[in-house]
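So the chains spell out like this:
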Amino acid sequence: MADMTCQLLVIGAGPGGYVAAIRAGQLGIDTVIVDDRKPGGTCLNIGCIPSKALIHAADEYFLLREAAAGRAIPGVTAGAPALDWPRVVDWKDGIVNRLNNGVTGLLKRARVKLVAGRARFLDGKTVEVDGETGTQRIAAESVVIATGSVPVELPMLPFGGKVISSEAALSLDAPPARLAVVGGGYIGVELGTAFAKAGSAVTIVEATDRILPLYDADLVRPVIARLETLGVEILTGAKAKGLAGEDRDLLVEAMDGSERRIGADVVLVTVGRRPLTEGWGREELVLDMDGAFVRVDEQCRTAMRGVYAIGDLVGEPMLAHKAMAQGEMVAEIVAGERRAFDKRAIPAVCFTDPEIVSVGLSPEAAKAQGMAVKLGSFPFQANGRAMTLHRDDGFVRVVARADDHLVLGIQAVGAGVAELAAAFSLALEMGACLEDVAGTVHAHPTQGEAFQEAAMRALGHALHV
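Per-chain numbering applies: the sequence of each chain, read as written, is numbered from 1 onward. It should be noted that, the model being predicted, local features are given only for residues of pLDDT at least 70 and side-chain atom pairs only at 80 or more, the latter also being counted only at that level, while totals for whole chains, interfaces and linings use all residues. Processing note: side-chain calculations cover all non-hydrogen atoms of the structure and skip hydrogens and water entirely.

A. Region of interest: the overall build of the chain. The helix count covers DSSP runs of H or I at least four residues long, the strand count covers runs of E at least two residues long, and both are numbered beginning at the N terminus. Looking only at helices and strands, the chain features 13 helices and 24 strands. In this setup the radius of gyration rests on C-alpha atoms only. A globule is expected at 2.2 Å times the number of residues raised to 0.38. Whereas a compact globule of 465 residues would reach a radius of gyration of roughly 23 Å, the chain reaches 24 Å, a difference of no more than 12%. For the chain, contacts bridging at least 24 residues in sequence account for 63% of all contacts bridging at least 6. Summing over all exposed atoms, the chain offers an accessible surface of approximately 21,500 Å²; the carbon and sulfur share of this is 52%. Within this scheme the basic residues Lys and Arg register as positive and the acidic residues Asp and Glu register as negative, but His and the chain ends are omitted. The atom standing in for a charge is NZ when the residue is Lys, CZ when it is Arg, CG when it is Asp and CD when it is Glu. Here the chain carries 46 positive and 58 negative side-chain charges, and the mean point of each set is 2 Å from the other. Working rule for contacts: check all heavy atoms of both residues, and any pair within 4.5 Å makes them a contact. Here the Shrake-Rupley method, with its probe set to 1.4 Å, supplies the accessible areas, and only the displayed protein chains count as covering residues.

Put into structure tokens, the structure is as follows:
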């Protein structure tokens with residue numbers, strides 16, 4: 001194949017990479033993007049999107065089961081539901097394919113050249129791409145590295161056979177009768193909840209003292225209560241040791257040193273993700289590292305001139321929307337615009353049941369920085385819309401500075417609260433004070449009213465609690 005030259009070369013077509021390429025194309029930059037997978041990366045193909053499809057399908061099936069058992073809204077009944085899991089997976093795959101085609105179309109519209117293959121750096125400006133049609137070299141004036149991340153594999157539980165990653169969990173032929181989840185972070189709890197609703201007997205094994213350790217205990221408590229009602233067994237302070245016995249049960253060691261075997265047809269390992277720093281020629285570059293991550297500045301510049309890195313490769317939070325924001329920013333910097341990245345208003349959403357949303361500082365984080373804060377919390381038990389949804393568990397909480405009432409952070413846990421993430425993030429991004437949130441007219445009846453009421457409560461005059 002003929003060699004290519006371009007102004008901007010993007011390595012990786014995940015959320016960060018394809019957004020960088022599209023924005024660069026919009027700005028008139030001659031751009032090439034390289035990936036050996038379909039556009040969309042982990043998020044679109046084997047992560048965020050397909051997992052949310054299966055979570056929703058499991059929710060729908062569970063609600064039908066509840067109605068059939070007489071545990072739904074009074075007066076609502078249903079016959080015994082059936083679950084055709086292969087058809088659900090086909091539906092999920094259809095969504096993924098539709099979005100794949102959409103991203104490909106957007107790249108084409110922005111006049112970005114998409115090269116299928118695995119790129120490897122020869123130097124800071126040149127890569128060699130091995131593709132189905134041969135090998136070619138691509139030279140660029142500027143480069144964006146957006147290689148993303150991969151699941152962490154445990155030495156005592158290597159992937160294969162009954163031990164699977166989150167990627168394999170999204171393509172199972174059927175919900176396993178018995179599922180052991182090793183790792184109680186957001187991926188493990190999300191998928192564990194979905195399979196429990198789909199009929200699996202689920203056990204979650206977490207090495208720390210509670211699941212979802214990145215969120216504070218108040219936010220996690222309603223999730224634990226819901227898991228218990230779903231029959232999910234939660235083992236905290238427990239370490240997976242491997243598979244044992246003829247049945248290859250999961251061997252778990254408790255904090256007191258005692259051991260227990262957990263019967264499981266499938267062992268799902270979700271102990272985190274690590275940046276993909278191998279396989280693309282990093283050793284040919286001179287990059288500073290920050291632990292496992294590539295070190296960048298506030299403009300995502302690496303230690304090499306004209307070489308940028310974004311997304312999971314450069315550190316926490318390892319979230320698709322952070323990568324997208326960085327990709328857009330880098331494209332505009334390459335085009336000559338003045339931009340810098342500020343991660344203070346990046347929302348984190350956990351699609352558990354109930355959902356968790358957090359943006360900005362938690363009360364503990366603010367106090368750890370020496371700030372005096374005012375807190376306001378409003379329970380969904382006092383929210384009319386939550387009651388009409390038959391889900392009044394959870395709350396909204398606002399964290400603000402005590403002196404000038406500047407909002408520092410907002411957290412919520414409740415059914416469907418993921419959709420409040422935009423309002424929470426906008427408040428922080430715009431520098432809102434408690435008075436701004438309290439003085440904004442919120443539609444009634446909505447769950448968003450809890451945000452306004454939480455701000456009012458922090459100011460000492462909540463109306464409905």
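B. Focus on the environment of S51. Mapped onto the secondary structure, S51 falls in helix α3 (residues 48-68). Along the backbone, S51 and I187 are 136 residues apart, and their C-alpha atoms lie at a distance of 9.1 Å. S51 has contacts with L170 and L191, leaving out every residue within four places of it along the chain. A polar contact of 2.8 Å, which involves the side chain of S51, links it to the backbone oxygen of G47. Any N or O atom pair separated by 3.5 Å or less is treated as a polar contact, with the protein-specific requirement of one donor-capable and one acceptor-capable atom, and with residues adjacent in sequence counted only for side-chain atom pairs.

C. Seen up close, the environment of P86. With respect to the element layout, P86 can be found in helix α4 (residues 85-109). Only protein chains enter the accessibility calculation, which uses a 1.4 Å probe; a residue whose area is less than 20% of its type maximum is buried, one above 50% is exposed, and one in between is partly exposed. P86 gets classed as partly exposed once you look at its relative accessible area, which sits at 44%. Taking the C-alpha atoms as reference, P86 lies 10.0 Å from P175; in sequence the two are 89 residues apart.

D. Main features of α3. The first and last C-alpha atoms of α3 sit 30 Å apart over 21 residues, in line with the 30 Å expected at 1.5 Å per residue. Along α3, the residues that are buried comprise P50, S51, A53, L54, I55, A57, A58, Y61, F62, E66 and A67. Tucked into the core, α3 has its buried residues touching α2 (41-46), α4, α5 (166-169), α6 (186-197) and α7 (217-229). Looking one or two residues past α3, G70 carries a phi angle of roughly 75°, positive in sign. Multiplying one less than the number of residues by 1.5 Å gives the expected span of a helix.

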